[in-house]
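A structural walkthrough
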Amino acid sequence: MRKEVVLITGANGEMGHGLIKHLGQQGNVNIIALDVQPLDDELKPYAMRFIQGDILDQMLLGRMVVEFEIRTIFHLASILSTKAEYNPETAHRVNVEGTLNLLRLAVEQSQWQGRPVMFIYPSSIAAYGLPDLETKNRAGKIRETQWCMPITMYGINKLYCEHLGRYYAANYRQLAADPDRSSIDFRAIRFPGLISADTIPTGGTSDYGPEMLHHAAQGEPYNCFVRPDTRLPFMAMPDAIKSLLHLMNARRSSLTQTVYNVTSFNPTAQDIADIVHSYFPAAEINFVPHGSRQKIVDSWPADIDDSAARRDWGWQPDYDQERAFSEYLIPAIRQRYAAPV
Ligand code: AKB
């Protein structure tokens, strides 16, 4: 008998950390963690098996199909927006071809099992693209179907993979004599910028939020690469994990769309700096905008409409801006960087 497992790609990333800890602490889920880098020691107790490897390695994925009965896939691995712009073709390979490989794996598993494998895909506000700052400032809360004209390779990859997921779930090989009936159950969430107390993101463009905080907590000066008036939606990591699990547990019949926005608060960069200063009065934060990264953030919405998620699967964040800092980020970060006694 093959073991029923949950596969988590990008296990070592920001979201991977939160998700593996959360699911692992439940104790009743067999986690297969996949990452190109060795798994962090603190995650090892929670994973039934860690596989160090690449989502572009089809042989590796093929061996996993043979060995495990994969019931759910959280496909978290990706190259984020800033890093992707330094090598767009590599980003395309990892973000699109890697996702395609996993969708194929999910279909194959669904066929073997005679039931749909669930595929949870974290997309991003990078899937949006507003043409200029004036439009961004006037747009208000953006729904899933609006302004889907991303300007980054990462955003384009995310938007396209949402469509690929929809295709694999509903129309895969639709002209075949015997089209696959065991399709997959694909569900996607468009995340805002995420702020975690445990990990510092790498390669993203919303990173100025978490970076400001982590630098201040370590007593390091920080040059913020966007203007003070730059506004983006953000969310605390525990809410991001909660939304993934809520969407996973939602009844299929209650879902009216494939892709859902979720959000919590939407501060300006100056707001984040003010909050950070209120907890770390000695923090040295300078605004040194970087033209191209600023342009990317200016193309992302100032706020998003998550009413579909609220209506269809009861989404509600636990942490608004005040609670996110006072009850989660600040205590956890103080503890993380506390000098050893
Ligand atoms: C990035 O900045 O690339 C990510 C994202 C908004 O998806 N954090």
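These notes cover the structure that comes with them.

The contact between helix α1 (residues 14-26) and helix α8 (residues 237-249) brings their axes to 10 Å, and the two run at 65°. Accordingly, the angle class assigned to the pair α1 and α8 is roughly perpendicular. In terms of crossing hand, the pair formed by α1 and α8 is right-handed. Contacts from E14, M15, G18, L19, H22 and L23 in α1 reach M237, I241, L244 and L245 in α8. When the residues that make up the contact of α1 with α8 are grouped by side-chain class, the tally is seven nonpolar, two polar and one charged.

Once that is clear, we can look at the site of the ligand. Around the ligand, the neighbouring residues are L80, S81, S124, I125, Y154, G204, T205, S206 and W300. In the environment of the ligand, a nitrogen atom lies 2.9 Å from a nitrogen or oxygen atom belonging to the side chain of S206. Coverage of the ligand by the protein chains reaches 90% of its 260 Å² of free accessible surface. Its residues assigned to classes, the shell around the ligand comprises four nonpolar, five polar and no charged.

Turning to the pattern of salt bridges, a few remarks are in order. Tallied over the entire structure, the rule returns 18 salt bridges. The shortest N-O distance in the salt bridge between R252 and D185 comes to 2.4 Å. Here the residue R252 occupies a position in the loop between α8 and β11 (259-261), and D185 occupies one in strand β7 (residues 185-191), the gap between them amounting to 67 residues. With a shortest N-O distance of 2.8 Å, R310 and D306 are connected by a salt bridge. With a relative accessible area of 37%, R310 lands in the partly exposed category.

Tracing the backbone through its elements, the reader meets F50 in strand β3 (residues 49-52). Exposure remark for F50: the relative accessible area of 26% places this residue in the partly exposed category. With 12 residues separating them along the chain, F50 and P38 place their C-alpha atoms 8.5 Å apart. The residues contacting F50, other than those within four sequence positions of it, are A33, L34, D35, Q37, P38 and L39.

Right, let's get into the packing of aromatic side chains. A ring pair, where both rings are aromatic, is described by two values, the distance of the centres and the angle of the planes. The full count for this structure, using the stated rule, is 11 aromatic pairs. Three or more aromatic residues link up through ring pairs in this structure, and these residues are F119, Y121 and F186. Across the ring face of Y319, the terminal group of R323 is positioned such that the distance to the ring centre comes to 4.8 Å. Here R334 stacks its cationic end above the ring of F280, 5.2 Å away from the centre of that ring.

Taking 1.5 Å per residue as the helical rise, α1 with its 13 residues ought to reach 18 Å, and the 19 Å between its terminal C-alpha atoms agrees with that figure. Burial analysis of α1 places 10 of its 13 residues in the buried class, which makes it a mostly covered element. What α1 keeps buried is the set E14, M15, G16, H17, G18, L19, I20, K21, L23 and G24. G27 lies just past α1 and shows a positive phi near 80°.

In spatial order, the strands read β3-β2-β1-β4-β5-β7-β11; together these seven strands make up an open sheet with parallel pairing. Looking at which strands have only one partner, the edges of the open sheet turn out to be β3 and β11. Put simply, the sheet's adjacent strands are angled 20° from each other on average, direction ignored. In the sheet, strand β4 (residues 68-75) pairs with strand β5 (residues 118-124) via three bridges, with the strands oriented parallel.

Analysis parameters
- Residues numbered from 1 in each chain as written.
- Predicted model: local features only at pLDDT ≥ 70, side-chain atom pairs only at ≥ 80, totals over all residues.
- Heavy atoms only, no water.
- Axes fitted to C-alpha atoms, helices over the stretch in contact; angles between N-to-C directions.
- Helix = DSSP H or I, 4+ residues; strand = E, 2+ residues; numbered from the N terminus.
- Parallel < 35°, antiparallel > 145°, perpendicular 65-115°, else oblique.
- Left-handed = near helix turned anticlockwise from the far one by under 90°.
- Contact = heavy atoms within 4.5 Å.
- Nonpolar A, V, L, I, M, F, W, Y, C, P; charged D, E, K, R; others polar.
- Near = heavy atom within 4 Å.
- Polar contact = N/O pair within 3.5 Å; in protein donor to acceptor, adjacent residues only side chain to side chain.
- Areas by Shrake-Rupley, 256 points an atom, 1.4 Å probe, with all protein chains shown as cover.
- Salt bridge = Lys/Arg side-chain N within 4 Å of Asp/Glu carboxyl O.
- Buried < 20%, exposed > 50% of the residue type's maximum accessible area, 1.4 Å probe, protein only.
- Phe/Tyr/Trp six-rings, centres within 6.5 Å; stacked < 30°, edge-to-face > 60°.
- Lys NZ or Arg CZ within 6 Å of the ring centre and 35° of its normal.
- Expected span 1.5 Å × (residues − 1).
- Pairing = 2+ DSSP bridges.

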